[in-house]
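Each chain, letter by letter, is given below.
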Amino acid sequence: MDADLLIHSAAQVVTCAATDGKPKRGAAMREVGVIENGAVAVCDGAVVAVGPTEVVQAEVTDPRRTIDASGHVVCPGFVDAHTHVVYAGNRIAEFEMRLQGATYLDIMAAGGGIIDTMRATRDASLVDIVAQSRVRLDTMLSLGTTTAEAKTGYGLDLGTELKLLQAIAQLDLTQHVSLVPTFLGAHALPPDYRERPDDFVNLLVAEMLPAVAAWYDRSHFAREGTPCFVDVFCERNAFDAAQSHRVLEAGKALGMKVKAHVDEFISMGGLPMAVDLGATSVDHLDTTTPQDRTHLAASDTVGVVLPAVNFNLGSADYANARALVDAGAAVALATDINPGSAPCPSMPLVMAIACRYQGLLPSEALAAATINAAHAIGVASRVGSIEVGKQADLLIVDAPDYRHLAYEFGGNLVSRVIKYGNIVR
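A look at the overall build of the chain
On a plain count of helices and strands, the chain comes out with 17 helices and 16 strands. Against the globule reference of 22 Å for 425 residues, the chain gives a C-alpha radius of gyration of 21 Å, in line with a compact fold. Structurally, the chain occupies a C-alpha span of about 70 × 40 × 40 Å along its principal axes. Counting the 425 residues in the chain, one finds 61% classified as buried. Look at the contacts in the chain between residues 6 or more apart in sequence, and 74% of them connect residues 24 or more apart. By element, 50% of the accessible surface of the chain is carried by carbon and sulfur atoms, the whole surface being about 15,400 Å². Looking at charge distribution, the chain has the averaged site of its 32 positive side-chain charges lying 1 Å from that of its 49 negative ones.

Given below as structure tokens:
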């Protein structure tokens, strides 16, 4: 067997593979596929063999490059299933306001928050947005993220939303983190529509969504088979369940896949609404009721929890990831990296928080950050696990046991990042 790269003698190769091609649930989230003294062979950017070192070495003849991973873990690159990484500006002043007692919803109701970033993003050029976002993506890459979803939503008008999609496309083609685009035009009500929310929903449905669908059809994402999602913030001071349903249903009719921000601060019926529309994921879930956990568990929808938001906002009301897993839901993790509620680029930190405050075991956190996260953005056939035929998006971790990824925090155990079989960090 030909190989461009052979990684051998790893203390652990952790495949995160699922046996049925579906996201992991229940007890299966603890089964992350640990191969001691493991090896991975790569050819033409894809995994061609994975298993014990002596077996893989016997299959591979004269690899072009070898890496001795003795004492290290090899695992899949992290998949960040929910990000707002593409924007301009920052919200440092808002951070100080929260430290003095203002809540996220207080700031949002006063015209700050998302609207503040909207102003900065509208004013920024495409070149500036790409440059600022590239820095964040480079940091994410260094921390092990090799694939990420990227939302619009800081334009709230057609021109700026399309500018953000252009930025996402440019970044996907010119840096190493693979991106999956999501249109989040229904992120907040722009100032001109604050008293006319239904008029803004009409604009989204009649003009913005068709324009986004046309952009996607012309994009390299469509040519490569990468999905485009429609998303909505179903929350007080944003969009109610009926308005959210209109937006998501319209996007789905145009061929877009469905996501929804639900149950972050208040449970408003957004979860069952989105699940019943066939959503690929529902995200946040901090206030999800036991009844809705059961509804989620009975569906194919992935529940994405975002612990960096709660940590950043100083909230103890984390999503009950333990109860979600125990109910049988497919659970994923994500950073929610954004300028207001989660300026966090680190999936390992998210895993560490999820273990300490949401009841996940390190194995469950790793599954949630890899294969389940890949399912949450519709790319699990390509990434999220180390399996023959999948992209060789791999991490070499400076630890002998994968559990160190959640056990340690505040540093960076990722010593090498491999994308399509090439060392990029």
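Next comes the rest of the description.
Observations concerning unusual backbone geometry
A positive phi angle is found at Cys16, which is not glycine, with a value near 60°. Relative to the assigned elements, Cys16 resides in the loop between strand S1 (5–14) and strand S2 (34–43). Cys16 gets classed as buried once you look at its relative accessible area, which sits at 0%. Positioned with a positive phi, Leu285 is a non-glycine residue whose angle comes to about 70°. Residue placement: Leu285 occurs in the loop between strand S11 (281–284) and helix H11 (290–297). By relative accessible area, which is 2% here, Leu285 ends up buried.

Comments concerning the sheet that holds strand S12 (residues 302–305)
Ordered in space as S6-S7-S8-S9-S10-S11-S12-S13, the eight strands form an open sheet in which the pairing is parallel. In this open sheet, the two strands that pair with only one neighbour each are strand S6 (78–80) and strand S13 (330–333). Averaged over all neighbouring strand pairs, the angle between strand axes comes to 25°, with direction disregarded. Sheet analysis places strand S10 (residues 257–262) next to S11, joined by four bridges and oriented parallel. Each residue of the ladder has a partner; that of Lys259, found in S11, is Ser281. This element, helix H6 (residues 158–174), spans strand S7 (145–151) and strand S8 (178–186) of the sheet and lies at about 175° to S8.

Quick notes on the side chain of Glu149
Checked against the element boundaries, Glu149 lands in strand S7. One polar contact links Glu149 to Lys151, side chain to side chain, over a distance of 2.5 Å. Discounting residues that sit within four places of it in the chain, Glu149 has contacts with Asp80, Ala81, His82, Thr83, Val180, Thr182, Lys259 and Ile377.

Notes on the nonpolar core
Counting 126 residues, the largest nonpolar core has Val86, Leu248, Val282, Leu285 and Leu333 as the members making the most contacts within it. Among the elements that make up this core, the one with the highest residue count is helix H7 (residues 197–218) (eight residues). For Leu248, the residues in contact, after removing those within four places along its chain, are Val230, Asp231, Val232, Val258, Lys259, Ala260, Met273, Ala274 and Leu277. Listed in part, the 16 residues of the second largest apolar core include Val47, Ile67, Val74 and Ile386.

As for the packing of H6 against H7
For the pair H6 and H7, interaxial distance at closest approach is 11 Å and the crossing angle is 25°. Our classification of the angle between H6 and H7 gives roughly parallel. Crossing hand, H6 versus H7: right-handed. Here H6 contributes Leu158, Glu161, Leu162, Leu165, Gln166 and Ala169 to the contact with H7, which in turn contributes Met208, Ala211, Val212 and Trp215. Its residues placed into classes, the contact of H6 with H7 shows eight nonpolar, one polar and one charged.

Some remarks on the pairing of strand S14 (residues 394–397)
The two faces of S14 match: Leu394 and Ile396 on one face and Leu395 and Val397 on the other face are all buried. Of the strand pairs in this sheet, strand S5 (residues 73–76) and S14 are connected by four bridges, and their pairing is antiparallel. Paired with Cys75 across the two strands is Leu395, which belongs to S14.

Here's the deal with the packing of aromatic side chains
Going through the model one piece at a time under the given rule, you end up with five aromatic pairs. Between Tyr87 and Tyr154, the aromatic rings sit 5.9 Å apart at their centres with planes inclined by 70°, giving edge-to-face as the arrangement. Highlighted residues: Tyr87 in the loop between S6 and helix H2 (92–99) and Tyr154 in the loop between S7 and H6, separated in sequence by 67 residues. For the ring pair Phe200 and Phe239, a centre distance of 6.3 Å and an interplane angle of 25° mean the geometry is stacked.

Quick look at helix H4 (residues 114–123)
Those residues of H4 lying buried are Ile114, Ile115, Thr117, Met118 and Thr121. Taken down its axis, H4 places every buried residue within 155° of arc, on the same side. Where H4 is buried, its residues contact helix H3 (104–109), helix H5 (126–142) and H6.

A few points about the confidence of the model for the chain
Any region with low pLDDT has predicted coordinates that should not be read closely. Averaged over every residue, the pLDDT of the chain is 96; the share at 70 or more is 100%. Of all helices and strands in the chain, the one with the weakest mean pLDDT is H3 (76), whereas S6 scores best (99).

Reading the values: the criteria
- Residues numbered from 1 in each chain as written.
- Predicted model: local features only at pLDDT ≥ 70, side-chain atom pairs only at ≥ 80, totals over all residues.
- Heavy atoms only, no water.
- Helix = DSSP H or I, 4+ residues; strand = E, 2+ residues; numbered from the N terminus.
- Rg over C-alpha atoms; globule rule 2.2 N^0.38 Å.
- Buried < 20%, exposed > 50% of the residue type's maximum accessible area, 1.4 Å probe, protein only.
- Contact = heavy atoms within 4.5 Å.
- Areas by Shrake-Rupley, 256 points an atom, 1.4 Å probe, with all protein chains shown as cover.
- Lys, Arg positive; Asp, Glu negative; His and termini not counted.
- Charge placed at Lys NZ, Arg CZ, Asp CG, Glu CD.
- Pairing = 2+ DSSP bridges.
- Axes fitted to C-alpha atoms, helices over the stretch in contact; angles between N-to-C directions.
- Polar contact = N/O pair within 3.5 Å; in protein donor to acceptor, adjacent residues only side chain to side chain.
- Core = buried A, V, L, I, M, F, W, Y, C linked by side-chain atoms within 4.5 Å.
- Parallel < 35°, antiparallel > 145°, perpendicular 65-115°, else oblique.
- Left-handed = near helix turned anticlockwise from the far one by under 90°.
- Nonpolar A, V, L, I, M, F, W, Y, C, P; charged D, E, K, R; others polar.
- Phe/Tyr/Trp six-rings, centres within 6.5 Å; stacked < 30°, edge-to-face > 60°.
- Arc of directions from axis to C-beta.
- pLDDT = per-residue confidence, 0-100.

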